[in-house]
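Notes for the structure review
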Amino acid sequence: MKAQHGMRIALFQPDIPQNTGTILRLCACLDVEAHIIEPAGFPISDRHFRRAGMDYLDQVTIIRHDCWSNFEQWRAATGCRLVLLTTKGLTPYLEYRYSASDVLLLGRESVGVPDDVAAAADARLVIPVQPGLRSLNVAMAAAMVLGEALRQTTPGSEVS
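The structure presented is a predicted model; accordingly, all values stated were derived computationally and were not measured. (Residues numbered from 1 in each chain as written. Predicted model: local features only at pLDDT ≥ 70, side-chain atom pairs only at ≥ 80, totals over all residues. Heavy atoms only, no water.)

The next thing to look at is the overall build of the chain. Counting its secondary structure elements, the chain contains 5 helices and 7 strands. Counting helices and strands in the order they occur from the N terminus, the chain gives β-α-β-α-β-α-β-β-β-α-β-α. For 160 residues, the compact-globule formula gives about 15 Å, and the C-alpha radius of gyration of the chain, at 15 Å, lands near that figure. Dimensions of the chain, computed from the C-alpha atoms along their principal axes, are close to 40 × 40 × 30 Å. (Helix = DSSP H or I, 4+ residues; strand = E, 2+ residues; numbered from the N terminus. Rg over C-alpha atoms; globule rule 2.2 N^0.38 Å.)

As structure tokens, this is what we get:
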């Protein structure tokens, strides 16, 4: 199945199967292609992963990349911008102008992404949270940022 939107979500070496399943369910519901950059911290057949994704996993386009360099080769060939969601970002996600072909990259739940991956990003965005709190759940962050990105890039949506 080919996704309708050019927008994509990429997960860098995800390590919690329930979050990955939830994000893939989000991608299925919003018709957004999903990329998994391996190695994942769990087998893709994991029962928690399948349970979180439910029967939606059959409705999402999933592209698996066996390593970061192969993902980067794919991205170079497609010309997509890489937008990293990170607690270390300086630009709030609501202040960014998304492109319909952006790839929204989420790091590992436990450690984020390595410095070389962060350096490869065209933008590093943050979801501001209350002082003293680290971050939102990665699936919740994906939903918030993807929602804003689609609002900005879907024809007929109003952007001020």
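Next, the rest of the story.
Let us now look at the layout of surface pockets. To find the voids left in a structure, one rolls a probe of water-molecule size over its atoms. Looking at the largest pocket, its volume works out to about 770 Å³. Residue lining of the largest pocket: 29 residues in total, with Leu85, Thr86, Thr87, Gly112 and Ser135 positioned closest to the centre. Looking at the lining of the largest pocket, the elements with two or more residues in it are strand S4 (82–85), helix H4 (115–120), strand S7 (123–126) and helix H5 (138–153). No other element matches S7, which puts 3 residues into the lining of the largest pocket. Its residues placed into classes, the lining of the largest pocket shows 14 nonpolar, 9 polar and 6 charged. (1 Å grid on protein atoms, 1.4 Å probe; cavity = no way out; pocket = protein on both sides within 12 Å on 5 of 7 lines; lining within 4 Å. Points joined across faces, edges and corners; volume = space filled by probe spheres on them. Nonpolar A, V, L, I, M, F, W, Y, C, P; charged D, E, K, R; others polar.)

Taken as a whole and assessed by the stated rule, the structure comprises 7 salt bridges. Aspartate 15 is the partner of arginine 108 in a salt bridge, and the nearest nitrogen-oxygen pair spans 3.3 Å. Of this pair, arginine 108 sits in the loop between strand S6 (103–106) and H4 while aspartate 15 sits in the loop between strand S1 (8–12) and helix H1 (17–30); the two residues are 93 residues apart in sequence, bridging distant segments of the chain. Arginine 75 is the partner of aspartate 122 in a salt bridge, and the nearest nitrogen-oxygen pair spans 3.1 Å. (Salt bridge = Lys/Arg side-chain N within 4 Å of Asp/Glu carboxyl O.)

In terms of burial, strand S2 (residues 33–37) is a largely internal element, 5 of the 5 residues being buried. Of the two faces of S2, the one lined by Glu33, His35 and Ile37 and the one lined by Ala34 and Ile36 are each fully buried. In this structure, S1 lies alongside S2, joined through 5 bridges in parallel fashion. Pairing of leucine 11 across the sheet is with isoleucine 36, part of S2. (Buried < 20%, exposed > 50% of the residue type's maximum accessible area, 1.4 Å probe, protein only. Pairing = 2+ DSSP bridges.)

Quick look at the side chain of threonine 86 now. With respect to the secondary-structure elements, threonine 86 resides in the loop between S4 and strand S5 (91–92). For threonine 86, the side chain forms a polar contact with the main-chain nitrogen of lysine 88, separated by 3.0 Å. Ignoring anything within four residues of it in the chain, the contact list for threonine 86 reads Arg124, Leu125 and Val126. (Polar contact = N/O pair within 3.5 Å; in protein donor to acceptor, adjacent residues only side chain to side chain. Contact = heavy atoms within 4.5 Å.)

Next up on the list: the side chain of glutamine 13. With respect to the secondary-structure elements, glutamine 13 resides in the loop between S1 and H1. Setting aside its immediate chain neighbours within four residues, glutamine 13 contacts Ile37, Glu38, Pro39, Ala40 and Arg108.

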